[in-house]
Amino acid sequence: MSKRLFFTLVFVLILVAATELFLPMVMSNVVNQGMMSLTGSDRVIAKLTKSPAVLMLGGKFDTIQIKAEQAKIDKIIFSEMSIALTNAELNVGKLLSSRLVELQSVDDVDITAVVSQDELARYLNQTVKGVKNAAVAITPDKIKASSTFSIGGFANVAVSLEGKIVSDGQKIKFVTDRFLINNMITGNIGGSILTEIPLVDVNKLPFHVNVRDIVMENGKVTLYLDNRSH
């Protein structure tokens, strides 16, 4: 083997090794920036894999894993959000030129998102007309929201709502099972405003998914979403 061929082979091997090592880091950083824009979060970590790594330059990835904190989707802020994509293809032109994460194809999408009881209280205060000073307690059995409710702008009453978070596949909402005034069960003076309170439109999430499960725990609600038929 000539010296020239030897050094050429060594150079190619070094180039391949460098590509395998550094290209996933570079592409992960680019996707990380794109997901910051999609989620409204400045605390995002993206990890991408592809073998061989050079195929990432064509926008193809074996897995894409994303974790974000304080991610705002629609009007709700998720304290934690995890996104897992399998066999995904991104628009690499838009990704590299504009840091835009545009999904062209994917086999599986799995999303886990957590809403805290403090965030739910903030949401009620800011988005539900007439509700003030809301406090929310979440347990595995129910969600209880206590607040002051303004009737017609001239009277305030103390109200408590007990219910749960449900979904029809695309819309996630808080549905009231019991409505109380001064701890006495009564009719819903807030009408439809307090009977069903919309929380999240799943269509506004970064990827097309449906709700698979909703789990209420102490202090939080965890949403599980994916793109598979059930």
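Described below are features of the structure shown in this document.

The rules we used
Residues numbered from 1 in each chain as written. Predicted model: local features only at pLDDT ≥ 70, side-chain atom pairs only at ≥ 80, totals over all residues. Heavy atoms only, no water. Helix = DSSP H or I, 4+ residues; strand = E, 2+ residues; numbered from the N terminus. Buried < 20%, exposed > 50% of the residue type's maximum accessible area, 1.4 Å probe, protein only. Contact = heavy atoms within 4.5 Å. Polar contact = N/O pair within 3.5 Å; in protein donor to acceptor, adjacent residues only side chain to side chain. Pairing = 2+ DSSP bridges. Salt bridge = Lys/Arg side-chain N within 4 Å of Asp/Glu carboxyl O. Patch = residues over 30% accessible without salt bridge, like charges linked within 9 Å, V, L, I, M, F, W, Y side chains within 5 Å. Areas by Shrake-Rupley, 256 points an atom, 1.4 Å probe, with all protein chains shown as cover.

## Points about the environment of Gly 163
Summarising the element assignment, Gly 163 is placed in strand 8 (residues 155-167). Look at Gly 163 and you get buried, because its relative accessible area is 2%. In sequence terms Gly 163 and Lys 144 are 19 residues apart; their C-alpha atoms lie 6.7 Å from each other. Not counting residues within four places of it along the chain, the set of residues in contact with Gly 163 comprises Lys 142, Ile 143, Phe 174, Val 175, Thr 176 and Asp 177.

## Considerations on the side chain of Asn 91
As for its position among the elements, Asn 91 is in the loop between strand 3 (76-90) and helix 2 (92-98). For Asn 91, a relative accessible area of 16% corresponds to the buried category. In terms of polar contacts, Asn 91 uses its side chain to reach the backbone amide nitrogen of Lys 94, at 3.1 Å. Leave out the neighbours within four places in its chain, and Asn 91 touches Leu 100, Glu 102 and Gln 104.

## Comments concerning the pairing of strand 12 (residues 210-217)
Looking at chain direction, strand 12 and strand 13 (residues 220-226) are connected through seven bridges and run antiparallel. For Met 216, the partnering residue across the bridge sits in strand 13 and is Val 221. Here strand 12 folds back onto strand 13, and the loop between the two strands holds two residues, one of which, Gly 219, carries a positive phi near 85 degrees.

## Section: unusual backbone geometry
Each neighbour pair has its own omega, and for Ser 51 with Pro 52 the value is -5 degrees, a cis peptide bond. Here Pro 52 lies in the loop between strand 1 (43-49) and strand 2 (60-73). Despite not being glycine, Asn 87 shows a phi value in the positive range, around 50 degrees. By the secondary structure assignment, Asn 87 is in strand 3. Asn 87 gets classed as partly exposed once you look at its relative accessible area, which sits at 39%.

## Some thoughts on the pattern of salt bridges
Scanning the model with the defined rule gives 17 salt bridges in all. Salt-bridge contacts for Arg 212 lead to Asp 226; the nearest nitrogen and oxygen are separated by 2.9 Å. With Arg 212 in strand 12 and Asp 226 in strand 13, the pair connects residues that are 14 residues apart, well separated along the chain. Looking at Arg 212, the relative accessible area reads 41%, which means it is partly exposed. Residue class for Asp 226 comes out buried when judged on its relative accessible area of 0%. Note that Arg 228 is salt-bridged to Asp 226, the shortest N-O span being 3.6 Å. Each of the salt bridges in this network shares a partner with another, and the network as a whole consists of Asp 108, Asp 110, Arg 212, Asp 226 and Arg 228.

## Section: the side chain of Asn 32
Note on placement: Asn 32 falls in helix 1 (residues 3-39). Note on Asn 32: relative accessible area 11%, which makes it buried.

## As for the pairing of strand 2
The sheet contact formed by strand 1 and strand 2 spans seven bridges and is antiparallel. Note that in strand 2 the partner of Leu 48 across the bridge is Ile 64. In the sheet, strand 2 pairs with strand 3 via 12 bridges, with the strands oriented antiparallel. In the strand pairing of strand 3, Lys 60 is matched with Glu 89. Between strand 2 and strand 3, which follow one another and run antiparallel, lie two residues, and Asp 74 among them has a positive phi close to 60 degrees.

## Here we look at a nonpolar patch on the surface
Together, Val 54, Leu 55 and Leu 57 make up an exposed nonpolar region whose accessible area comes to about 240 Å². On the secondary structure map, Val 54 appears in the loop between strand 1 and strand 2.

By themselves, these figures tell us nothing about what the structure is for.
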